[in-house]
Every structure is written in structure tokens, then in C-alpha cells.
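# Remarks on the overall topology
Chain residues, written in single-letter form:
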Amino acid sequence: MAGNTTKSEADISYPSPKTIFLWCRPRSLSTAFTKCVASMDNVEVWHEPYLASYFNEIFNSEENMKILPCMTTWQNQVARTVMRAMENGHTYDNGNLSPVDQFTFEWVEEELRKPLPKGVEFRFVKDTALAMDGEYDKLPNIHTKHTFILRHPRRIAWSIRRLLTHALEHQGHPDDYDVSSGHPLAPWGDRSTDPMLALWNHVRENIDPNPVVIDADDLQTNPEKILKKYCEAVGIPFKNSYLKWDESDEIVRSYHGPMEQIMWGREEQCYDKAFLSSCFLPLQSEVPETVPEKCKIYVERIMKGYELMYETRIKPE
């Protein structure tokens, strides 16, 4: 009977946009998700091109460097790390990565407007919402689907504190470090208090009233259900094989993104777990009940946005 006919995974197709954006806050499982997508068929992956452009705008402005003097420390650390990686042969040469100083908002927009290479069916761009804050006019005017990945703010706070105290070479006890200000991942100047919420609202009001939202905890708890629903929502034919991928980081060579930034992330253990992942690991702990005192303002700023977006997320059931 016709009603009992089923299609194999390879036969299923969906109307798909040619470019899919995944927007995130830092430390949200987005890099592991990107590696998962990179293992899918006929995809071109971009890793944080707008974040590199954002950092370059800071580095290339004397005024911005005065506001964020900590960036000199990070810039020097990146230079040392890249030099060490090159000496040890730990590079991603002979791939698609580009020198970081090539990245500007205008250059990225131009690159993303280019036709897809032969054999590529969709382009996947993972980036941070904070990098696009105030730069919405630089989003390419092309056929896109905007998606967002959430993570509970208290999980982010603990993780981002580890990242920042290392990257900015904080001297002293981690509890003394104020996550809420003084670095480029927190509001400064006239930037939004919650760039993720601001971008989500911009997309809903101007581009797509129903952007796709997923939650990192849901993804780790129910990877098959969440990934399948995500693929359906963005027009990627789902395969069960997408739930596992090669643990080698060789696939990173195929990414388009800032070479030095990515090398730093791997060498300084920012991206290493994600780059060497082979699946979405189960959650190891419940959401922390509290955060250090100097993380509380950071959490309060993004909690409302998290809760609003969480209500619209793809659910396992």
C-alpha cells in the first residue's frame, strides 16, 4: 500500500537555504557542533570569521586598545603560541584557513556572497553573536537560515572564567577576576548588554520570525532527536551516521577561518576537546546552582535572554 511506503535516509530531501548561520555565546558547545556539521555531506564550513573581524577592529584601533588594554596580553600570547606550534609542526597548512589579518567585516560579507563551489550543497557559518553586535548591515543579503545554540548562563560563566583567566594571564586567584567587564567578550563602549538576545530579536523582526534555537544540554542528553530535528528545520537530509565523526582534527584544515586564532584555540586548550571530539558526550553534571561572586553580573545580564530563547527551542519530544 502506498501509505506504508518509506524512504531511506539517502532519499529524503528538504528545501534548503544555501547558507546556514549558527550563532552562539562563547563556551556553548558550538565548536563541537561545527565539527559534527563538517562531517556531513557536501558542506563548506566557516569558523568564526566575524569574531576574527571584531578582534581585528580592536587591534587596529589605538582608541579601542586603550579601552581594552588586556588585548595586548592576548595578542602576545597568540603570537607566542603560533610560533611554538609552527616550530612543532602543529599547523593547519595546505587547507582553507586564511591569515587572521585578512578578516574584516567587509571581506567576510563579500566571501559569503560568492557562489558555492561545485559539489557543495550548503555553507555553514558558526560565529559569536557578540561579534555582530552593531554590524547587522554586514550580514550578506543572501538566502540564509539563522540558527542559535544556547547553553545555561551558569555553565557558561564557569567556562568563560577559565578561558579568560588563561588567555589574559590573570595573576591571582580566579575568584578575583571580574568576568563582567574589561575584556572583549563583555559589553564595552556602546555594545549591547546581551548581544545574543539583540541578534535574535533582529533576525525575528527583519529576516525570519522563527529562527531555529537549540540548547546544548538537550543536544548532549538527546543528540539523535535534537540533531535530526535541527537538520529537518534547516533543510539538511539527516543520516544516523552524522551522530559520530572522526576524532582526528584533520577536518579543521577544510574549514574557512582565521589560521592563527584557530591554532591558538587548539594549542591553548580552548578548542582542543571540540576539535578532537567524535560525538556529543553525555552531560557529566547538573547545572551549577551558583557561580563565583564576580561572575554573577555576567550571568544576570544574559539570563533573561536565555530564558526567552529557551522557550522557543527545538525540544526532544
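Residues numbered from 1 in each chain as written. Predicted model: local features only at pLDDT ≥ 70, side-chain atom pairs only at ≥ 80, totals over all residues. Heavy atoms only, no water.

## Structural notes on the pattern of salt bridges
Under the convention used in this document: Take a side-chain nitrogen of Lys or Arg and a carboxyl oxygen of Asp or Glu: if they are within 4 Å of each other, that pair is a salt bridge. Helical segments are the DSSP runs of H or I of at least four residues, strand segments are the runs of E of at least two, and each set is numbered from the N terminus. Burial status follows relative accessibility: with a 1.4 Å probe on protein chains alone, a residue under 20% of its type maximum counts as buried, one over 50% as exposed, and anything between as partly exposed.
This structure, assessed with the given rule, holds 19 salt bridges. Note that Arg80 and Glu169 form a salt bridge whose closest N and O atoms lie 2.7 Å from each other. Separated by 89 residues along the polypeptide, Arg80 in helix α4 (residues 70–87) and Glu169 in the loop between α7 (153–167) and α8 (195–206) bring together distant segments of the chain. For Glu169, a relative accessible area of 30% gives the class partly exposed. A salt bridge links Glu250 to Arg253, with the nearest nitrogen and oxygen atoms 2.9 Å apart. The exposure class of Arg253 is partly exposed, given its relative accessible area of 25%. Salt bridges sharing partners connect three or more residues here, namely Glu135, Asp137 and Lys138.

## Quick word on helix α13 (residues 296–310)
Worth spelling out the cut-off: One less than the number of residues in a helix, times 1.5 Å, gives the span that helix is expected to have. Should any heavy atoms of two residues lie within 4.5 Å, those residues are counted as being in contact.
In this model α13 runs 20 Å from its N-terminal to its C-terminal C-alpha over 15 residues, within 8% of the 21 Å that 1.5 Å per residue would give. Listed in full, the buried residues belonging to α13 are Tyr298, Val299, Ile302, Met303, Gly305, Tyr306 and Met309. Considering only its buried residues, α13 is in contact with β4 (144–150), α7, α8 and β5 (212–215).

## Description of the environment of Leu116
Mapped onto the elements of the fold, Leu116 is located in the loop between α5 (105–112) and β3 (122–128). Along the backbone, Leu116 and Val43 are 73 residues apart, and their C-alpha atoms lie at a distance of 9.5 Å. Those residues within four positions of Leu116 in sequence are excluded, and the remaining contacts are Lys18, Glu121, Phe122 and Arg123.

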